Amino acid sequence: MKLEGGCYCGAVRYEAEGEPLLQAQCHCRECQFITGGSPNMFVVMPGDGFKYTKGAPKQFARKDLEKPVTREFCAECGTHVVTRPQRPVVVVKVGTLDNPAQITPQIAIFTIDKQPFHHIPEGMPSFERMPAR
């Protein structure tokens, strides 16, 4: 699968190639901060198949956490494009895809932090935290 996307203002563009490793929606509090309150829709892609084709993102990682993720975002418009955990994968934000309909979240994670106004589709497997691998 080949995914293409970028930020809201167009300053940052990317391509991600490979088989999606996970398509999900996350309800954790950290994601709620990043999205402005809603669940975070994402697709995990192999890290070696991801590259920026235009611009360079700004990066942020919390210094107070033992194993922080690195969040990459556009320095111009602030769009959160990807998250890089401490594994060789890239967590691509579905809203940044040129064609978000290419991705259909299959599970809901960190529902322990779910807000009353969050929606989980009927029949979607849900997990209070991350499911076991």
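Higher on the page you've got the structure.
As the structure is a computational prediction, the values presented were derived from the model and not from experiment.

Rules used throughout
Residues numbered from 1 in each chain as written. Predicted model: local features only at pLDDT ≥ 70, side-chain atom pairs only at ≥ 80, totals over all residues. Heavy atoms only, no water. Pairing = 2+ DSSP bridges. Helix = DSSP H or I, 4+ residues; strand = E, 2+ residues; numbered from the N terminus. Axes fitted to C-alpha atoms, helices over the stretch in contact; angles between N-to-C directions. Polar contact = N/O pair within 3.5 Å; in protein donor to acceptor, adjacent residues only side chain to side chain. Contact = heavy atoms within 4.5 Å. Phe/Tyr/Trp six-rings, centres within 6.5 Å; stacked < 30°, edge-to-face > 60°. Salt bridge = Lys/Arg side-chain N within 4 Å of Asp/Glu carboxyl O. Buried < 20%, exposed > 50% of the residue type's maximum accessible area, 1.4 Å probe, protein only. Disulfide = S-S within 2.5 Å.

**Q** Just give me the short version of the sheet that holds strand β6 (residues 58-60), but keep the residues and values in it.
**A** In spatial order, the strands read β6-β7-β8-β9-β4-β3-β10; together these seven strands make up an open sheet with mixed pairing. One side of each edge strand has no neighbouring strand; the edge strands of this open sheet are β6 and β10 (107-109). Neighbour-to-neighbour, the strand axes of the sheet open up by a mean angle of 30°, direction not taken into account. The pairing of β6 with strand β7 (residues 70-73) spans three bridges and is classified as antiparallel. The partner of Lys 58 across the bridge, within β7, is Phe 73.

**Q** Give a detailed account of the side chain of Glu 72, specifying residues and quantitative values.
**A** You can see Glu 72 is positioned in strand β7. Side chain to side chain, Glu 72 and Gln 59 meet in a polar contact 2.6 Å long. Ignoring sequence-local partners within four residues, the contact set of Glu 72 consists of Tyr 52, Pro 57, Lys 58, Gln 59, Thr 79, His 80, Val 81, Val 82 and Arg 84.

**Q** Tell me what's going on with the packing of aromatic side chains, and back it up with residues and numbers.
**A** Tallying each qualifying case throughout the model produces two aromatic pairs. An angle of 90° between the planes, with centres 5.0 Å apart, marks the rings of Phe 50 and Tyr 52 as edge-to-face.

**Q** Give a detailed account of the pattern of salt bridges, specifying residues and quantitative values.
**A** Using the criterion set out here, one finds six salt bridges in the structure. The partner of Asp 64 in a salt bridge is Arg 62, with the nearest N and O atoms 2.6 Å apart. Salt bridges here are not isolated pairs; linked through shared partners, they connect Lys 2, Glu 15 and Lys 51.

**Q** How would you sum up the side chain of His 80? Please name residues and give values.
**A** For His 80, the position within the fold is in strand β8 (residues 80-84). On the basis of relative accessible area, His 80 is assigned to the buried category, the value being 12%. At 3.2 Å, the side chain of His 80 forms a polar contact with the backbone oxygen of Val 82. Within polar-contact distance, the side chain of His 80 engages the side chain of Thr 83 at 3.1 Å.

**Q** Explain the state of the cysteines to me, using residue names and the numbers behind them.
**A** Applying the stated criterion across every chain yields a total of zero disulfides. Cysteine Cys 9 remains unbridged, with the sulfur of Cys 7 as its closest cysteine sulfur at 3.8 Å. For Cys 9, a relative accessible area of 43% corresponds to the partly exposed category.

**Q** Before we move on, can you summarise the sheet that holds strand β2 (residues 13-17) with the specific residues and values?
**A** Within the open sheet, the three strands sit side by side as β1-β2-β5. Their pairing is antiparallel. Unpaired on one side and paired on the other, β1 (2-6) and β5 (50-54) mark the two borders of the sheet. Between one strand axis and the next, the sheet turns through 20° on average, direction left out of account. Judged from the four bridges that link them, β2 and β5 form a sheet pairing that is antiparallel. Within β5, the position partnered with Tyr 14 by the bridge is Tyr 52.

**Q** So what's going on with the pairing of strand β3 (residues 22-26)? Residues and values would help.
**A** The element β3 is largely enclosed, with a buried count of four among its five residues. With five bridges connecting them, β3 and strand β4 (residues 40-46) associate as antiparallel partners. In the strand pairing of β4, Leu 22 is matched with Val 44.

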